[in-house]
Amino acid sequence: MATKVLPQPEREEIRVESVLQALGEPVRLTIVRALAANPAGVCCGEIELPVTASTRAHHLRILREAGVLSTHTDGTKRISILRREDLEALYPGLITGILSAKQ
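Only a predicted model underlies this, so the values are computations on that prediction, with no experimental measurement involved. (Residues numbered from 1 in each chain as written. Predicted model: local features only at pLDDT ≥ 70, side-chain atom pairs only at ≥ 80, totals over all residues. Heavy atoms only, no water.)

Caption draft 1: Quick look at the pattern of salt bridges. Overall, the coordinates contain four salt bridges when judged by the stated rule. The closest approach of N and O atoms between Asp-86 and Arg-83, which form a salt bridge, is 2.9 Å. Arg-83 carries the same exposure label as Asp-86, and that label is buried. Bridged by salt links that share partners, the residues Arg-11, Arg-83, Glu-85 and Asp-86 form one connected network. (Salt bridge = Lys/Arg side-chain N within 4 Å of Asp/Glu carboxyl O. Buried < 20%, exposed > 50% of the residue type's maximum accessible area, 1.4 Å probe, protein only.)

Caption draft 2: Structural view of the nonpolar core. In terms of nonpolar packing, the biggest core is built from 25 residues, with Leu-23, Ile-31, Leu-63 and Val-68 touching the most fellow members. When residues of this core are traced back to their parent elements, those giving at least two are α1 (16–23), α2 (26–37), α3 (53–66) and α5 (94–100). At five residues, α2 tops the list of elements feeding residues into this core. (Core = buried A, V, L, I, M, F, W, Y, C linked by side-chain atoms within 4.5 Å. Helix = DSSP H or I, 4+ residues; strand = E, 2+ residues; numbered from the N terminus.)

Caption draft 3: Up close: the pairing of strand β3 (residues 69–74). Most of β3 is tucked away: five of the six residues are buried. Judged from the two bridges that link them, strand β1 (residues 4–5) and β3 form a sheet pairing that is antiparallel. The partner of Lys-4 across the bridge, within β3, is Thr-73. Sheet analysis places β3 next to strand β4 (residues 77–82), joined by six bridges and oriented antiparallel. (Pairing = 2+ DSSP bridges.)

Caption draft 4: Here's a closer look at the environment of Thr-71. One can find Thr-71 in strand β3. With 64 residues separating them in the primary sequence, Thr-71 and Pro-7 have C-alpha atoms 8.3 Å apart. A distance of 3.1 Å separates the side chain of Thr-71 from the side chain of Ser-80, its partner in a polar contact. (Polar contact = N/O pair within 3.5 Å; in protein donor to acceptor, adjacent residues only side chain to side chain.)

Caption draft 5: How the structure looks around the pairing of β4. One ladder, built from two bridges, connects strand β2 (residues 42–43) with β4; its direction is antiparallel. Looking at β4, one finds that Val-42 is bridged to Ser-80. Counted along the chain from β3 to the antiparallel partner β4, the turn is two residues long, and its residue Gly-75 has a positive phi close to 70°.

Caption draft 6: Here's a closer look at the side chain of Arg-33. Structurally, Arg-33 is set in helix α2. In this structure Arg-33 is buried but unpaired, with Glu-25 as the nearest side chain of opposite charge at 11 Å. With residues up to four places along the chain from it excluded, the contact list for Arg-33 reads Ile-98, Leu-99, Ala-101, Lys-102 and Gln-103. (Lys, Arg positive; Asp, Glu negative; His and termini not counted. Contact = heavy atoms within 4.5 Å.)

Caption draft 7: Molecular detail of α2. The terminal C-alpha atoms of α2 lie 17 Å apart, and with 12 residues this matches the ideal 16 Å at 1.5 Å per residue to within 8%. Where α2 is concerned, the buried positions are Val-27, Arg-28, Ile-31, Val-32, Arg-33, Ala-34 and Leu-35. Where the residues of α2 are buried, they touch α1, β2, α3, β3, β4 and α5. Its side-chain oxygen placed 2.6 Å from the backbone nitrogen of Val-27, Glu-25 serves as the N-cap of α2. (Expected span 1.5 Å × (residues − 1).)

Everything listed here is a matter of geometry and, on its own, says nothing about what the molecule does.
Next comes the structure, spelled out in structure tokens:
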């Protein structure tokens, strides 16, 4: 099966306001931390979260639409990857600072 990338903003379309709003929710921050620890990507269902599958999908969509992560399909799986390179290019130190903050 072919890989399909889900809709997401191009690098130049990512806005700091959207990124900060997306990162301001604890469940989404947990997702970002998990993706940062797995640069090759993570299957959406493999991240342990205290939410239902539909709520998980909602949080992943918010992060993707903000430009924080990229999601592509691999067969029936959806693999998410943190867009760290894009975010660092646009907002140097932002993701590093957020990830190093105490939980």
